[in-house]
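Now for the letters of each chain:
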Amino acid sequence: LNKQILDAIIYNLSDIELRVFALVENLQRSNLSSIEEALAIRDLASLGIKQVEICKKISKSTSAVSQLIKIANMNNDVIKHLKENNEKISLSILYEISNIEPVQQLDALLYVKEHALDRDSVRDYVKSLLNKKVQKVQPAKHFNGFSISKNKSKISFKLDIAKVEDKTEVIEELENILKELKNV
């Protein structure tokens, strides 16, 4: 640094204020995983900070903070799995899984990952686990640049033309979708 004098701001903080300061600063990192963000917010709430204050400190809506707290309260096996495997599962998918019984959450997470379900398919899958009348979700087909998932009333697909390696597989899948539409 080659400086004789450094500018500094000195804060006189209690242990709790220091912990809050550190958690808020950590939450502002852009590379946090979904579960790390959820656990940090749960830690803030456990320090007695009201949800409205948490929202202000981290610039998130009350519904987003509520969802994060619910995710942080998922089954410990799910949290351990996500942390140990450095899983990058979206908040929306984790929130959907958090709606089922804790004993089913890890199996549901593994099923969602194995079948590469998108958020809407996860929502349908969770509803089926909650014994609501929902059509069975077909596992997503996924290959470079293309993914597709289906249920009785909906077909979802994502296509990134720049990443598609085998266009014949994509064309076959799209032709199958067209055949299904013709038969409806």
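Conventions we followed
Residues numbered from 1 in each chain as written. Predicted model: local features only at pLDDT ≥ 70, side-chain atom pairs only at ≥ 80, totals over all residues. Heavy atoms only, no water. Phe/Tyr/Trp six-rings, centres within 6.5 Å; stacked < 30°, edge-to-face > 60°. Helix = DSSP H or I, 4+ residues; strand = E, 2+ residues; numbered from the N terminus. Expected span 1.5 Å × (residues − 1). Buried < 20%, exposed > 50% of the residue type's maximum accessible area, 1.4 Å probe, protein only. Arc of directions from axis to C-beta. Contact = heavy atoms within 4.5 Å. Core = buried A, V, L, I, M, F, W, Y, C linked by side-chain atoms within 4.5 Å.

**Quick look at the packing of aromatic side chains**
The tally for this structure, following the rule as stated, stands at two aromatic pairs. Here the aromatic rings of tyrosine 11 and phenylalanine 21 are separated by 5.9 Å at their centres, their planes lie at 45°, and the arrangement is tilted. Here tyrosine 11, found in the segment before helix H1 (15-27), pairs with phenylalanine 21, found in helix H1; they are 10 residues apart in sequence, far enough to count as distant.

**Focus on H1**
Over its 13 residues, H1 extends 18 Å from the first C-alpha to the last, a length consistent with the 18 Å expected when each residue adds 1.5 Å. For H1, the set of buried residues is Val20, Leu23, Val24 and Leu27. Projected onto a plane normal to the axis of H1, the buried residues spread over an arc of 100° and lie on a single side. In the core, the buried residues of H1 are packed alongside helix H2 (34-46) and helix H3 (51-58).

**Here we look at the environment of glutamine 28**
With respect to the helices and strands, glutamine 28 occurs in the loop between H1 and H2. Sequence separation between glutamine 28 and isoleucine 58 is 30 residues, and the spatial gap between their C-alpha atoms is 7.3 Å.

**Describing the nonpolar core**
By size, the foremost hydrophobic cluster in this structure holds 36 residues, and its most contacted members are Ile41, Leu44 and Ile97. Put simply, the parts of the chain that give this core at least two residues each are H1, H2, H3, helix H4 (62-72), helix H5 (76-84), helix H6 (91-98), helix H7 (102-114) and helix H8 (119-129). The contacts of isoleucine 41, once residues within four sequence positions are left out, are Leu27, Ile54, Ile58, Val65, Leu68 and Ile69.

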